Amino acid sequence: MITTIIFSKDRPLQLDLCLKSIKKNLAGSDGITITVIENYSEKYRSSLETLKSEHLDVGFIKQCDQNLFKCIWSLISTQPQDYPVAFFTDDGILFKEQDVKSIIRVMRNPNVVTYSMR
């Protein structure tokens, strides 16, 4: 399992493409959880609500009051410790297929600090 966290602020179209590319290009995507930490203004709120209804398998949480680190930590600390965490921004796109099991195997290596899927 990979915990995937996406940061998004007022860019619903980019977020939609990001979500679709992750779902399409992470082989065995049932081995991932996707959470969006969102910070949307009223201007884009209805677009975000549409995205939520189109991506029911994605968790959406509102960014904590000006303390992004606290928000991230509260999310990560609830996950099992052996699950790798992948961070994206809403403009990140996966262009080619990635294998979740291979990524997990690489990320569990204590000599690996980071793994980029971009």
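Our subject is the structure listed above.
Residues numbered from 1 in each chain as written. Predicted model: local features only at pLDDT ≥ 70, side-chain atom pairs only at ≥ 80, totals over all residues. Heavy atoms only, no water.

Peer 1: Even after reading the chapter, I still don't get the pattern of salt bridges, so can you show me in this structure?
Peer 2: For side chains of opposite charge, pairing can occur when their charged atoms come near one another. As enumerated under the stated definition, the model contains six salt bridges in all. Put simply, E38 and R45 hold a salt bridge, and the shortest N to O gap is 3.3 Å. Like E38, the residue R45 is buried in the burial classification. When salt bridges that share partners are traced, they join R11, D90 and D91 into one network. (Salt bridge = Lys/Arg side-chain N within 4 Å of Asp/Glu carboxyl O. Buried < 20%, exposed > 50% of the residue type's maximum accessible area, 1.4 Å probe, protein only.)

Peer 1: Which parts of the structure should I look at to understand the sheet that holds strand 4 (residues 59-62)?
Peer 2: Either a parallel or an antiparallel arrangement is found when strands of a sheet pair, and the pairing is made through backbone hydrogen bonds. Ordered by their spatial adjacency, four strands build an open sheet running 4-3-1-5, and the pairing between neighbours is parallel. Pairing within the sheet leaves two strands with one partner each, and these edge strands are strand 4 and strand 5 (85-89). Taken pair by pair, the neighbouring strands of this sheet meet at an average axis angle of 25 degrees, ignoring direction. Bridge count between strand 1 (residues 2-8) and strand 5: five bridges; the pairing is parallel. If you follow F7 over to strand 5, its bridge partner there is T89. Strands in contact with helix 3 (residues 68-76) are strand 1, strand 3 (32-38), strand 4 and strand 5; relative to strand 3, the strand with the most contacts, it is inclined by about 160 degrees. (Pairing = 2+ DSSP bridges. Helix = DSSP H or I, 4+ residues; strand = E, 2+ residues; numbered from the N terminus. Axes fitted to C-alpha atoms, helices over the stretch in contact; angles between N-to-C directions. Contact = heavy atoms within 4.5 Å.)

Peer 1: Would you mind going over helix 4 (residues 100-107) with me for this structure?
Peer 2: For the α-helix, the turn length of 3.6 residues means that residues three or four positions removed from each other point alike. Among all positions of helix 4, only V100, I103 and I104 are buried. Projected down its long axis, helix 4 shows its buried positions confined to an angular sector of 100 degrees, all on one face. The exposed set on the far side of helix 4, more than 90 degrees from its buried face, consists of K101 and R105. (Arc of directions from axis to C-beta.)

Peer 1: Hey, could you run me through the pairing of strand 1 in this one?
Peer 2: Each regular strand carries side chains that alternate between the two faces of the sheet. Among the seven residues that make up strand 1, six are buried, leaving the element largely enclosed by the rest of the structure. Alignment of strand 1 against strand 3, held across seven bridges, turns out to be parallel. Counterpart to F7 in the pairing with strand 3 is I37.

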